[in-house]
Amino acid sequence: MTDIGFVDRVAIVTGAGGGLGRTYALELAARGASVVVNDLGGSAAGVGADASAAQKVVDEIHAAGGAAVASHDSVATPEGGQAIVSAALEAFGKVDIVINNAGILRDRTFAKLAHEDLDAVLDVHLKGAFHVTQPAFRAMKENNYGRIVFTASNAGVLGNFGQTNYGAAKMGLVGLNNVLALEGAKNNIKSNVICPLARTRLTEELLGPLADALDPELVTPMVVYLASEACEYTHEIFSAGGGRYARMFVGLTPGWFAGKGAAVSAEDVAAHLDDIRAQDGYIVPSSVTDELGALLPLLQSD
Ligand SMILES: NC(=O)c1ccc[n+]([C@@H]2O[C@H](COP(=O)([O-])OP(=O)(O)OC[C@H]3O[C@@H](n4cnc5c(N)ncnc54)[C@H](O)[C@@H]3O)[C@@H](O)[C@H]2O)c1
């Protein structure tokens, strides 16, 4: 494998003033990328702002001889997203890479969840990724090149108590990625999802004894690969944490086919649940077309 480099590449990393995003920005810059270090600099719950968060990381990159500019805009508005992309275009002339990483937490059990905690989390994670990625995607299309990483979470892909707002936002990003990967394919724009596990201010109280083993720097190599020209994959979800790197996916079981034209009752479904749920022979469809492709032969059989 040749070295993975980023010379002449321009990257935007949102939420890069601390935690995981900072490690991505530092590593991309160390490998030659020009980086827009974006961070609003608020609290873990998304309150307040502090321009020094992004600037400190830019200073670190400059001290190491790299190229970077700071952006203090919030991803949570369309104007903020546009401003972040404009910062890249104005400073470096293009956008090759977007790592959507900015995030906040407003954990509540579902019965107690307030609308403002739903809106705040959807605005930063899900809509924030739209706000930044859409103007960047338009610029990438013009250059026929792009690498996009969305940051989901096992809290959404798998589920975690007390995080309905966060889980919904994070799984929404998987849907965004699934469609964007298809739309970007003809312009060599690859789009993937990372589910990180790392010790940061968002997780330090949740990880217990595992925290020591979950250095943020152990997530960075997976994200750097996905952001690179070397990345061969698109439309995928990867889990990274503690030195373990794995693929996650949505699978489709062969299921139970009632027969062409058959009348099916709820009782029939209940009687065949073992077949419906059996995992042997599952496929990992990469679009709606793949699922229809699996159904078509059944519907065409006599
Ligand atoms: N740490 C983990 O184990 C873990 C697990 C799953 C998912 N994640 C996700 O990884 C991402 C990074 O989180 P982290 O753990 O490094 O936490 P973190 O709090 O250190 O980093 C998040 C950064 O996003 C910034 N931010 C928040 N709102 C913003 C906004 N509106 N505009 C711009 N920047 C904003 C924050 O200021 C902060 O620096 C988040 O999306 C988080 O949900 C983390």
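Attention in this report is confined to the structure presented alongside it. (Residues numbered from 1 in each chain as written. Predicted model: local features only at pLDDT ≥ 70, side-chain atom pairs only at ≥ 80, totals over all residues. Heavy atoms only, no water.)

**Structural notes on helix α3 (residues 78-92)**
- Between its first and last C-alpha atoms α3 spans 21 Å; for 15 residues at 1.5 Å apiece the expected length is 21 Å, and the two agree.
- Of all the positions in α3, only Gly80, Gly81, Ile84, Val85, Ala87 and Ala88 are classed as buried. Viewed along the axis of α3, the buried residues span an arc of 140°, placing them on a single side of the element. Exposed residues on α3 whose side chains face more than 90 degrees from its buried face are Glu79 and Glu90.
- As for α3, its buried residues are in contact with β1 (10-13), β2 (34-38), β3 (67-71) and α4 (115-143).
- Glycine 93 occupies a position one or two residues after α3 and carries a positive phi of about 85°. (Helix = DSSP H or I, 4+ residues; strand = E, 2+ residues; numbered from the N terminus. Expected span 1.5 Å × (residues − 1). Buried < 20%, exposed > 50% of the residue type's maximum accessible area, 1.4 Å probe, protein only. Arc of directions from axis to C-beta. Contact = heavy atoms within 4.5 Å.)

**Regarding the nonpolar core**
- In terms of nonpolar packing, the biggest core is built from 37 residues, with Ile12, Val95, Val98, Val132, Ile148 and Phe150 touching the most fellow members.
- For this core, the secondary-structure elements that each account for two or more residues are β1, α3, α4, β5 (146-151), α6 (164-184) and β6 (189-197).
- Ranked by the residues each element gives to this core, the list is headed by α4, at 9 residues.
- If sequence neighbours within four positions are ignored, valine 132 has contacts with Ile12, Thr14, Val75, Gly81, Ile84, Val85, Val98 and Asn100. (Core = buried A, V, L, I, M, F, W, Y, C linked by side-chain atoms within 4.5 Å.)

**Quick word on helix α2 (residues 52-63)**
- Taking 1.5 Å of rise per residue, the 12 residues of α2 would be expected to cover 16 Å, and the 16 Å separating its terminal C-alpha atoms lies within 8% of that figure.
- Along α2, the positions that sit buried rather than exposed are Ala53, Ala54, Val57, Val58 and Ile61. Down the axis, α2 shows its buried residues gathered within 130° of arc, on one side only. The exposed residues of α2 that point more than 90 degrees off its buried face are Lys56 and Ala63.
- In this structure, the buried residues of α2 make contact with α1 (19-30), β2 and β3.
- Where α2 ends, the next residue or the one after it, glycine 65, has phi of about 90°, a positive value.

**Focus on the site of the ligand**
- Neighbouring the ligand are 30 residues; Leu20, Asp39, Tyr166, Ala198 and Thr200 lie closest to it.
- One of the side-chain N or O atoms of lysine 170 is found 3.0 Å from an oxygen atom in the ligand.
- When isolated, the ligand has an accessible area of 820 Å², and the protein chains bury 97% of it.
- At the level of secondary structure, the elements contributing two or more residues to the shell around the ligand comprise α1, α4, α6 and β6.
- Residue classes in the shell around the ligand are distributed as 12 nonpolar, 14 polar and 4 charged. (Near = heavy atom within 4 Å. Polar contact = N/O pair within 3.5 Å; in protein donor to acceptor, adjacent residues only side chain to side chain. Areas by Shrake-Rupley, 256 points an atom, 1.4 Å probe, with all protein chains shown as cover. Nonpolar A, V, L, I, M, F, W, Y, C, P; charged D, E, K, R; others polar.)

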